[in-house]
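Survey of secondary and tertiary structure
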Amino acid sequence: MSYKYLDALVVGAGVSGLYQLYKLREAGLTVTAVESAPDVGGTWYWNAYPGCRVDSPANIYQYWFSQELLDDWEWSERFPAQPEIKRYLQHVANRFDLYSSIELDTRVVSAHWKEQEGRWHVTTEAGLVYAAKYLVSCVGLLSTPKVLSFPNQEVFQGQVYHTAKWPQEPVDLKGLRVGVIGNGATGIQVIQTLAPEVAELTSFQRTPQYAVRMKNYAVDEKIMAEWRADYPRLSQLVHNTFGGFPWDPAEEGHAATLTIEQRREVLEECWADGSLRMFVGTFPEVLVDPVMNEEVTEFVREKIRVQINDPDLAQKLIPRDHGYGLRRVPLENGYYEAFNQSNVHLVDIKATPIDGFSERGLVVGGEEYPLDALIMATGFDAGTGTLSRMGVEGRDGKSLTALWRDDIRTTLGLQVHGFPNLFLVGGPLSPIAAFCNVQTCAQQQVDWVTDAILNVVNAGKSTMEPTAEREEEWVQHHDEVANETLMMTIDSWYTGANIEGKQRRLLSYIGGAHVYRELCDEIQAQGYPGFSIE
Ligand code: NA7
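Thresholds applied
- The residue count restarts for each chain, going from 1 along the sequence in the order it is written.
- The predicted origin of the model limits local features to residues at a pLDDT of at least 70 and limits the giving and counting of side-chain atom pairs to 80 or more, whereas totals for whole chains, interfaces and linings rest on all residues.
- Derived side-chain values reflect all non-hydrogen atoms in the structure, with water molecules and hydrogen atoms excluded from consideration.
- Only runs of H or I of at least four residues qualify as helices and only runs of E of at least two qualify as strands under DSSP, and these elements are numbered from the N terminus.
- We compute the radius of gyration over the C-alpha atoms and compare it with the globule rule, which gives 2.2 Å times the number of residues raised to the power 0.38.
- Only protein chains enter the accessibility calculation, which uses a 1.4 Å probe; a residue whose area is less than 20% of its type maximum is buried, one above 50% is exposed, and one in between is partly exposed.
- Two residues qualify as a contact provided that any one of their heavy atoms is within 4.5 Å of a heavy atom in the partner residue.
- Exposure was quantified through the Shrake-Rupley algorithm and a 1.4 Å probe, taking into account, for residues, occlusion by the shown protein chains and nothing else.
- Under this rule, positive means Lys or Arg and negative means Asp or Glu; His and the chain ends count for nothing.
- A single reference atom marks each charge: NZ on Lys, CZ on Arg, CG on Asp, CD on Glu.
- Between the N-to-C directions of two axes lies an angle of 0 to 180 degrees, each axis being a line fitted to C-alpha atoms and, for a helix, fitted only over the stretch in contact.
- Should an angle fall under 35 degrees it is called roughly parallel, over 145 degrees roughly antiparallel, and 65 to 115 degrees roughly perpendicular, with every other angle called oblique.
- Take the far helix as the reference: if the near one is turned anticlockwise from it by less than a right angle, the crossing is left-handed, and if turned clockwise, right-handed.
- All residues other than Ala, Val, Leu, Ile, Met, Phe, Trp, Tyr, Cys, Pro, Asp, Glu, Lys and Arg, Gly among them, are scored as polar; the first ten of these are nonpolar and the last four charged.
- To be near a molecule or strand, a residue needs just one of its heavy atoms within 4 Å of it.
- For this analysis, a polar contact is any N or O atom pair within 3.5 Å, provided that within protein one partner can donate a hydrogen and the other can accept it, and provided that sequence-adjacent residues contribute only side-chain to side-chain pairs.
- Each reported salt bridge corresponds to a side-chain nitrogen of Lys or Arg within 4 Å of a carboxyl oxygen of Asp or Glu.

1. Things to note about the overall build of the protein
Helices and strands together make up the secondary structure of the protein, namely 16 helices and 20 strands. Its C-alpha atoms give the protein a radius of gyration of 23 Å, near enough to 24 Å, the size a compact globule of 534 residues would have. Its C-alpha atoms put the protein at 70 × 60 × 50 Å along the principal axes. Here the protein holds 534 residues, and 59% of them are scored as buried. Sequence separation of 24 or more characterises 71% of the internal contacts of the protein that already satisfy a separation of 6 or more. For the protein, the accessible area works out to roughly 21100 Å², and carbon and sulfur atoms hold 48% of it. Across the protein, the mean location of the 45 positive side-chain charges is 2 Å away from that of the 72 negative side-chain charges.

2. Let's talk about the packing of helix α7 (residues 260-273) against helix α9 (residues 290-305)
Relative to each other, α7 and α9 sit at 55 degrees, their axes nearing to 11 Å. Between α7 and α9, the angle is such that the two are oblique. As α7 runs across α9, the sense of the crossing is right-handed. Between α7 and α9, the residues in contact are I260, R263, R264, L267, E268 and W271 and M292, E295, V296, F299, V300, E302 and K303, respectively. In terms of residue class, the contact of α7 with α9 is made up of 7 nonpolar, no polar and 6 charged.

3. Comments concerning the site of the ligand
Around the ligand sit 19 residues in total, of which K146, T186, R206, T207 and R327 are the nearest. One of the side-chain nitrogen or oxygen atoms of R327 is found 2.9 Å away from an oxygen atom of the ligand. A377 has a polar backbone atom sitting 3.4 Å from an oxygen atom of the ligand. Against a free-state accessible area of 780 Å², the protein chains account for coverage of 85% of the ligand. Tallied by class, the residues present in the shell around the ligand amount to 8 nonpolar, 7 polar and 4 charged.

4. Let's talk about the pattern of salt bridges
Pairs may arise between side chains of opposite charge once their charged atoms sit close together. Under the defined criterion, the tally for this structure stands at 34 salt bridges. Among the ionic pairs, K23 bridges to D447, the shortest N-O distance being 3.3 Å. One end of the pair, K23, is in helix α1 (residues 15-26); the other, D447, is in helix α14 (residues 438-458), with 424 residues separating them in the sequence. The network of salt bridges with common partners includes D407, R409, E471, E472, D479 and R505.

Listed below in structure tokens is the structure:
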């Protein structure tokens with residue numbers, strides 16, 4: 001075994017890992033980041049599927065820490081496609097010389113806390129052990145793909161892809177018969193992108209979705225200049241809103257003071273923005289009050305209905321069994337309209353489940369659907385998936401995998417009792433991913449983690465760990481807020497219901513990113529009450 005001694009090891013070199021590496025290195029710590037992919041980017045490296053695009057506007061999906069970076073970088077679209085976000089992250093890694101501290105193609109297979117040494121021993125697939133005082137997980141909330149297998153898969157003569165493991169070299173599907181399983185945010189992007197170019201596209205749909213029309217546009221020099229002038233305001237504003245976006249919902253109770261027509265005006269305004277403002281910028285009651293939820297749901301149904309020519313098809317493409325906003329709201333650009341094309345088909349696999357593969361395609365209810373390629377856009381083992389597979393063992397050999405199998409718990413998503421000096425960015429039970437623009441919350445968490453580590457170092461101490469009581473308090477608060485929402489009544493990756501056997505708990509904190517940020521700031525200002533620093 002060969003050992004490398006460090007102050008800190010960062011796992012992951014995506015949006016959060018790059019910034020975490022930068023911050024700890026700037027603070028003077030010896031730090032390395034390890035990344036399983038051959039390049040940086042995380043999500044934006046792996047999800048190279050056709051049509052992948054960010055659905056937070058670019059003027060807030062960026063780092064705020066460097067004025068030079070903000071001055072340099074030119075965005076080309078309001079919602080840039082995956083290659084551009086990947087280029088941005090590569091640019092950041094180059095510009096701040098981060099590559100020199102990143103070990104690419106390096107997968108962590110275990111991480112053990114060594115009490116005597118006060119270090120984490122983190123072992124890679126190649127057998128190298130990093131002995132680090134601080135271990136910071138930046139592995140992403142949506143990074144372990146959920147891959148399905150069906151009977152007879154081995155006999156299928158076509159290609160099978162998963163969107164989150166898409167080949168880096170271009171895949172030419174033009175003129176082919178393509179099937180897509182999954183129509184979440186990812187499947188929708190795939191379907192609307194491939195529909196015009198493939199011979200036949202068949203969506204094997206289990207649950208329909210409420211998608212909002214994305215208003216994308218090219219960003220020219222004039223817009224870029226306006227954005228730059230607005231950056232000082234935006235960079236503050238995003239930290240003071242419910243979802244880390246520049247929009248907030250109306251005040252609680254305001255909706256009840258409006259007439260239905262006035263509420264509709266608000267909805268029209270949010271819809272016209274063509275963004276997730278339609279999710280985080282309407283009325284807070286949408287997520288808790290069934291009557292208000294139904295009103296907004298009906299508004300969205302109407303918007304979708306007019307896009308679909310065939311009323312029978314509209315019935316199948318518009319959800320009936322759950323309300324709007326209770327599952328992740330996808331943005332779309334021609335998704336519903338794609339089904340007006342004669343080469344695009346819908347197969348309801350809830351009514352008739354998939355039997356399995358044949359040599360030529362997929363068989364559903366005894367009927368064969370010939371395919372050259374099948375794309376699985378079937379999502380992720382969210383929140384806990386990647387860390388649970390990393391063999392993390394804390395104090396007294398306590399296994400994170402075993403803990404989270406029964407009870408997904410953290411303290412503010414930032415630390416876990418029993419795992420000293422393990423810090424999480426994007427950990428479960430924090431707002432990130434589901435209820436916060438990832439860039440906003442990732443940067444806020446990285447800043448907090450960096451300050452917490454420096455606090456330990458500057459105090460001449462060695463370890464930091466939340467107390468069991470503090471953790472229990474956070475979990476209870478998290479659950480209390482979650483249980484008030486209608487989200488808990490729905491199966492989705494938000495609640496862990498997309499993975500068989502997973503505990504049902506809202507994976508992200510829904511009390512508001514601004515509330516969460518204030519709480520984190522307060523804890524820091526008060527010297528970390530509820531955390532033992534020894
Ligand atoms: P999602 O939102 O989890 O969507 C996965 C899709 O795959 C969804 O339509 C699922 O249907 C479908 N699915 C999953 N398992 C099955 C099985 N066993 N059979 C048939 N269909 C299945 O993942 P995405 O990648 O679209 O988005 C994840 C996040 O990434 C997104 O929210 C953004 O934050 C970025 P179901 O709805 O479960 O019936």
